[in-house]
Amino acid sequence: MFTAVATGVDEPLSIAEREVPEPGPGEVLVKITACGVCYTDLDLLQGHWPIARFPVVPGHEITGVVAAAGPGVSWPPVGTAVGAQFLGDSCRHCDYCVRGDQILCPRKRITGILMDGGYTEYAVLQADFVTPLPEGLDPVAAAPLMCAGLTAFNSLRQGGITATSRVAVIGTGGVGTLAVRYAVAMGARVAVIGRSHRGEAAARELGAERFIATQDTDPGEALKAWDNCGANLVVNAAPSTSAAAATITGLAPDGWLVLCGYDPEPLILPTRVMVLNRLHAMVNPSGSPHDLRDTLEFSAAHGILPEVTPIGLRDVNAALDAMAQGSSGKRSVIAFG
């Protein structure tokens, strides 16, 4: 099989030929159908994951079909179409794991960073951490749902979204666009925050009732004017911590600021405003297996899929370079024949 391997920081991926591996106890061998190219993969190569294990096969937006099961594995059966995500394994016995919050496990392992991921034709994955794909879901277009979709969907849920919520989404990239679509499908009212008006038409087509361009409007003030109350939930899908902090004064009392995008800057919050209005701030780290199952079922039920550009395995370095330059366009997905 052919595999793209990350050998170190600031090194391009190398294409290697390897033997197809065999699954061990608790594992399944998945014939990869597609793997999305995520900003986390770029972060890995830029050295932003000091815990990374090199050499490693990147990729955690995986779809495929179970080709073989290891000893003791009865589920999922061979032939099942599955997806796999950022969270690749956990200890199984800590308090977080037994409560279904495996993403918070202190000993979790991350797909494509601490264990080999999906930039390959076959991958060995933990059987308990693959999720069956809903029937009829296009496996190539669905690949980014395993991270971008899961992160957007779970951020809304962690922020307590309801059908009466006023939800503001910062950023109109892959995660932001999905967050807008999910929020609209959940019945919420949506505002989109961008740097300029360039994305306004697209945001309104997705169902946003308001668009705030930060180049000419203070986002906190603009949100505070929303029904003279503010947003119940702000989801930051932009890679900027300061963009998130600028909206905190626009939250309604008991409102939530949820970051699924950020940078190395510290998050600086106005304490007095937070105290007087009982405001909340959190960062959402993807999700657990049950969160991915809910994301996929909701996406299938509402026809929510990202726009993707299928590429070949040998095109992945070019796709990552374009992503680094901010010119990647639609979400790139490695599609295997």
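Residues numbered from 1 in each chain as written. Predicted model: local features only at pLDDT ≥ 70, side-chain atom pairs only at ≥ 80, totals over all residues. Heavy atoms only, no water.

Comments concerning the overall build of the protein
And then number 1: On a plain count of helices and strands, the protein comes out with 11 helices and 17 strands.
And then number 2: By principal-axis analysis of the C-alpha atoms, the protein measures approximately 60 × 40 × 40 Å.
And then number 3: Counting the 337 residues in the protein, one finds 51% classified as buried.
And then number 4: Entry remark: accessible area of the protein is about 14,600 Å², with carbon and sulfur atoms responsible for 52%. (Helix = DSSP H or I, 4+ residues; strand = E, 2+ residues; numbered from the N terminus. Buried < 20%, exposed > 50% of the residue type's maximum accessible area, 1.4 Å probe, protein only. Areas by Shrake-Rupley, 256 points an atom, 1.4 Å probe, with all protein chains shown as cover.)

Some remarks on the domain arrangement of the protein
And then number 1: Considered domain by domain, the protein is made up of domain 1 (2–147 + 287–335) and domain 2 (149–283).
And then number 2: Summarising the inter-unit geometry, the C-alpha centres of domain 1 and domain 2 are found 27 Å apart.
And then number 3: If you look at the interface, domain 1 gives 19 residues, while domain 2 gives 12 residues.
And then number 4: Between domain 1 and domain 2 we count two salt bridges in total.
And then number 5: Linking domain 1 with domain 2 are 10 residue pairs in polar contact (both at pLDDT 80 or more), by the criterion used here.
And then number 6: If one sorts the elements of the side of domain 1 that touches domain 2 by residue count, helix α10 (residues 289–302) sits on top with eight residues.
And then number 7: Tallied by class, the residues present in the side of domain 1 that touches domain 2 amount to nine nonpolar, seven polar and three charged. (Domains from an automatic or database assignment. Contact = heavy atoms within 4.5 Å. Salt bridge = Lys/Arg side-chain N within 4 Å of Asp/Glu carboxyl O. Polar contact = N/O pair within 3.5 Å; in protein donor to acceptor, adjacent residues only side chain to side chain. Nonpolar A, V, L, I, M, F, W, Y, C, P; charged D, E, K, R; others polar.)

Observations concerning the pairing of strand β3 (residues 27–36)
And then number 1: Burial runs high along β3: seven of the 10 residues are buried.
And then number 2: Note: β3 against strand β8 (residues 122–126), five bridges, orientation antiparallel. What sits directly across from E27, in β8, is Q126.
And then number 3: Taken together, the eight bridges between β3 and strand β4 (residues 61–69) define a ladder with antiparallel strand orientation. Looking at the pairing, V28 lines up with A69 of β4. (Pairing = 2+ DSSP bridges.)

What to know about the pattern of salt bridges
And then number 1: Applying the stated criterion to the full structure yields 15 salt bridges.
And then number 2: A salt bridge links E200 to R204; the shortest N-O distance between them is 3.1 Å. Remark: R204 and E200 occur in helix α6 (residues 200–206); sequence separation between them is four residues, near one turn of the helix.
And then number 3: With a closest N to O distance of 2.9 Å, D254 and R278 form a salt bridge. Taken together, the residues D254 in strand β14 (residues 251–259) and R278 in the loop between α9 (271–277) and β15 (280–283) connect sequence positions 24 residues apart.
And then number 4: Classification of R278 by relative accessible area gives exposed; the value is 56%.
And then number 5: Each member of the salt-bridge network shares a partner with another, and the members are D89, R92, R109 and D128.

Comments concerning the nonpolar core
And then number 1: The biggest cluster of nonpolar side chains holds 39 residues, and the ones touching the most others in it are L13, V28, V37, Y119, V316, L320 and I334.
And then number 2: Where this core is concerned, the elements lending two or more residues are β1 (2–5), β3, α1 (39–45), β4, β5 (81–84), β8 and α11 (316–324).
And then number 3: Listed in part, the 36 residues of the second largest apolar core include A148, A152, A179 and A203. (Core = buried A, V, L, I, M, F, W, Y, C linked by side-chain atoms within 4.5 Å.)

Thoughts on the environment of I193
And then number 1: Secondary-structure assignment places I193 in strand β11 (residues 189–194).
And then number 2: Owing to a relative accessible area of 3%, I193 belongs among the buried residues under this scheme.
And then number 3: The spatial distance from the C-alpha of I193 to the C-alpha of N236 is 9.2 Å, given a sequence separation of 43 residues.
And then number 4: The contacts of I193, once residues within four sequence positions are left out, are A168, V169, I170, G171, I212, T214, P219, L223 and T247.

Points about the state of the cysteines
Each disulfide consists of a covalent bond between the sulfur atoms of two cysteine residues.
And then number 1: Counted under the stated rule, the structure contains zero disulfides.
And then number 2: C38 provides the cysteine sulfur closest to C35, a residue in no disulfide bond, and the two sulfurs are 9.3 Å apart.
And then number 3: Among the residues examined, C35 registers a relative accessible area of 0% and is labelled buried. (Disulfide = S-S within 2.5 Å.)

Here's the deal with unusual backbone geometry
And then number 1: Omega for the peptide link from F54 to P55 comes to -5°, which places this bond in the cis form.
And then number 2: By the secondary structure assignment, P55 is in the loop between α1 and β4.
And then number 3: Across the junction of W75 and P76, the peptide omega takes the value -5°, indicating a cis bond.
And then number 4: If you check the backbone angles, D254 has positive phi at about 70° while not being a glycine.
And then number 5: Residue D254 is classed as partly exposed on the basis of its relative accessible area, which comes to 35%.
And then number 6: With a phi close to 50°, R278 is a non-glycine residue in the positive phi region.

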